[in-house]
Amino acid sequence: MRIKYKSQDDLLKLRESGLAVSEILDDICAAAVPGATTWDLDQIARAGIDRLKLTSAFLGYATPPYPAVLCTSVNEVIVHGIPRKEEVLNSGDIIGIDFGTYLHGFCGDSARTVVVGGSTSPEKQKLVDVTRESLEKAIALCYPGNRLGDIGHAVQTHAENHGYSVVRTFVGHGVGRQMHEDPPVPNYGRAGTGKRLKSGLVIAIEPMVNAGARQVEVLGDEWTAVTQDRSMSAHFEHTIAITENGPWILTQAAPSPGSP
Ligand code: MF3
Ligand code: CO
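Residues numbered from 1 in each chain as written. Chains lettered and ligands numbered in written order. Predicted model: local features only at pLDDT ≥ 70, side-chain atom pairs only at ≥ 80, totals over all residues. Heavy atoms only, no water.

Asks: Help me understand the site of ligand 1 in this model?
Replies: Around ligand 1 sit 13 residues, and of these Asp98, Asp109, His173, His180 and Glu206 come closest. Between Asp98 and ligand 1, the recorded distance is 2.8 Å, taken from a side-chain N or O atom to a nitrogen atom. One nitrogen or oxygen atom from the side chain of Glu237 is found 3.3 Å from a nitrogen atom belonging to ligand 1. Considered on its own, ligand 1 offers 330 Å² of accessible surface; in the complex 95% of this is hidden by protein. Looking at the shell around ligand 1 residue by residue, the classes come out as six nonpolar, three polar and four charged. (Near = heavy atom within 4 Å. Polar contact = N/O pair within 3.5 Å; in protein donor to acceptor, adjacent residues only side chain to side chain. Areas by Shrake-Rupley, 256 points an atom, 1.4 Å probe, with all protein chains shown as cover. Nonpolar A, V, L, I, M, F, W, Y, C, P; charged D, E, K, R; others polar.)

Pasting the structure below:
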């Protein structure tokens, strides 16, 4: 598959889709409190999909078909945790909440990690903060002429400078009429290498950062990806358009350098 560069009209649709994802993620994150179940969070996501007339990008995806509209990845779960009625959130858990939908035929894909019950554990809060910062540093490099390797390098160096590791098994991706388009966007790499970013490119950057080693194990449900050493893991993701003026963070309500 080749990279599909987006027109101005495509970008406006991608923005609407991204804003819808961001709005619903706000609701889901606010509901990630002690005593809630990950199933409750999936229900909130479904209500948001209905309210805003969206289509889930996750439900039925791939093989075996993903069974929910949300990924809820608690503590040592890196990504693709499946919401469950019996999974109750406790104060001090960290939960990665990953949500993707289609609107007007275009995808929005975004994830955040929150500490349940506020910051009770400085250690977990640090992992979450460093992971979010690694995404911010990568986004700050989303200007035409920079390279994919610059993005991976920014994520990797920030995480590793804090003693963490970055997952290599899963990577970010292009976003458009499909959730997963070319190019792959690794969270590691060498500065000054890889494909050059061009205006009209839309990518999801999604650092997955482990407190321990980077190795991944996928559980028997064929989805849940955990750290092999069962250390904590955090995940953030934004869908970003590369514009002449820099990054337009499509899945963030607040303005960014590339906003029109
Ligand atoms: N947002 C994730 C991704 O970019 C999750 C998709 S997995 C799914 O790949 F099965 F839930 F769709
Ligand atoms: Co993604």
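Asks: Quick question: what am I supposed to make of helix H4 (residues 148–161) here?
Replies: Relative to the 20 Å expected for 14 residues at 1.5 Å per residue, H4 spans 20 Å between its end C-alpha atoms, a close match to the ideal helical length. Most of H4 sits inside the fold, with ten of its 14 residues counted as buried. Every buried residue of H4 is listed here: Leu148, Gly149, Asp150, Ile151, Gly152, Ala154, Val155, Gln156, His158 and Ala159. Positioned one or two residues after H4, Gly163 has a phi angle of 85°, which is positive. (Helix = DSSP H or I, 4+ residues; strand = E, 2+ residues; numbered from the N terminus. Expected span 1.5 Å × (residues − 1). Buried < 20%, exposed > 50% of the residue type's maximum accessible area, 1.4 Å probe, protein only.)

Asks: Which parts of the structure should I look at to understand the packing of aromatic side chains?
Replies: Both the distance between ring centres and the angle between the ring planes are used here to describe each pair of aromatic rings. Scanning the entire structure with this criterion turns up two aromatic pairs. Aromatic side chains Tyr66 and Trp223 sit 5.1 Å apart centroid to centroid with 80° between the ring planes, which places their arrangement in the edge-to-face category. You can see Tyr66 sitting in the loop between strand E1 (55–56) and strand E2 (70–74) and its partner Trp223 sitting in the loop between strand E11 (216–218) and strand E12 (225–227), a full 157 residues away along the chain. For the pair formed by Tyr66 and Trp223, the shared burial category is buried. These aromatic residues form a ring-pair network of at least three members: Phe58, Tyr66 and Trp223. The positively charged end of Lys85 is found above the aromatic ring belonging to Trp39, 4.9 Å away from the centroid. It is Lys198 that lies over the ring of Tyr5; its NZ or CZ is 4.3 Å from the centre. (Phe/Tyr/Trp six-rings, centres within 6.5 Å; stacked < 30°, edge-to-face > 60°. Lys NZ or Arg CZ within 6 Å of the ring centre and 35° of its normal.)

Asks: What is the right way to look at the coordination of the cobalt ion (ligand 2) in this model?
Replies: For a metal with four tetrahedral donors the ideal donor-metal-donor angle is 109.5 degrees, while six octahedral donors give ideal angles of 90 or 180 degrees. In the first shell of the cobalt ion (ligand 2), the protein supplies Asp109 (OD), His173 (NE2), Glu206 (OE) and Glu237 (OE), at 2.0 to 2.3 Å from the metal. Linear spacing of the donor residues for the cobalt ion (ligand 2) on their chain is D-x63-H-x32-E-x30-E. With His173 in strand E7 (residues 172–174) and Glu237 in the loop between strand E13 (233–235) and strand E14 (238–243), this residue pair connects regions lying 64 residues apart in the sequence. Each member of the pair, His173 as well as Glu237, is classed as buried. (Donors = N, O, S within 2.8 Å, 3.2 Å for Na, K, Ca; no water.)

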